[in-house]
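Commentary on secondary and tertiary structure
So the chains spell out like this:
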Amino acid sequence: QVQLVESGGGLVQAGGSLRLSCVASGRTFSSYVMGWFRQAPGKEREFVAAISWRGANTYYADSVKGRFTISRDNANKPVYLQMNSLKPEDTAVYYCAAHYSGSYYSISAYRYWGQGTQVTVSS
């Protein structure tokens, strides 16, 4: 029904930057909140950032606060994750997700997920 497609991942050196994008396809979808999660090898998927309807409010994991910025042009438009000052520990597959109900920080609160895009940060 609803497909979320991430792009923008790649290989960068520590301290570098990447900008991830997430676009909905397949069918028009309305969501008040969009989030970014990531999963590193051998680790659980974790919350990275989320953004409210129209982008008025943003939420970040402590590990990325001050380095990453989530944004959207407006509600239900492409969502971005600007990642600066990247660290090797940021290496993971990054997923965008559309919120459904519950805490913005919780995986279970999101209904639709993208396929993920790999981000690799070399030291």
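Residues numbered from 1 in each chain as written. Predicted model: local features only at pLDDT ≥ 70, side-chain atom pairs only at ≥ 80, totals over all residues. Heavy atoms only, no water.

Some details on the environment of tyrosine 100
This is how the line gets drawn: Labels follow the DSSP assignment, with helices taken as runs of H or I lasting at least four residues and strands as runs of E lasting at least two, numbered in each case from the N terminus. Throughout, a residue-residue contact means that at least one pair of heavy atoms, one from each residue, lies within 4.5 Å.
Here tyrosine 100 shows up in the loop between strand 9 (92-99) and strand 10 (110-113). When the C-alpha atoms of tyrosine 100 and threonine 69 are compared, they prove to be 22 Å apart, with 31 residues separating the residues in sequence. Contacts of tyrosine 100, omitting those with residues within four sequence positions, involve Ala109, Tyr110 and Arg111.

A word on the environment of valine 12
For clarity, the threshold we go by: Think of it in three bands: residues with accessible area under 20% of the maximum for their type are buried, residues over 50% are exposed, and the middle band is partly exposed, with areas taken using a 1.4 Å probe on protein chains only.
Mapped onto the fold, valine 12 is located in strand 2 (residues 10-13). Its relative accessible area of 13% is what places valine 12 among the buried residues. With 111 residues separating them along the chain, valine 12 and serine 123 place their C-alpha atoms 9.1 Å apart. What valine 12 contacts, discounting residues up to four positions off in sequence, is Ser17, Leu18, Leu86, Thr120, Val121 and Ser122.

Things to note about the packing of aromatic side chains
Defined as follows: In summary, the pairing rule links any two rings of Phe, Tyr or Trp, Trp by its six-membered ring, whose centres are within 6.5 Å, and it sorts them by plane angle into stacked for under 30 degrees, edge-to-face for over 60 and tilted for everything else. We call a charge positioned over a ring when the NZ of a Lys or the CZ of an Arg lies within 6 Å of the ring centre and within 35 degrees of the ring normal.
Tallied over the entire structure, the rule returns 7 aromatic pairs. Centroid distance phenylalanine 37 to tyrosine 110: 4.9 Å. Interplanar angle 80°. Geometry classified as edge-to-face. One end of the pair, phenylalanine 37, is in strand 4 (residues 34-39); the other, tyrosine 110, is in strand 10, and 73 residues separate them in sequence. The same class applies to phenylalanine 37 and to tyrosine 110, which are both buried. Grouped by ring-pair contacts, the aromatic residues Phe37, Phe47, Tyr59, Tyr104, Tyr105, Tyr110 and Trp113 constitute a single cluster. The residue whose ring lies beneath arginine 45 is tyrosine 95, and the NZ or CZ to ring-centre distance is 3.8 Å. In this structure, arginine 45 is placed above the aromatic ring of tryptophan 113, and the distance from its NZ or CZ to the ring centre is 5.0 Å.

Read these as spatial facts, not as claims about activity.
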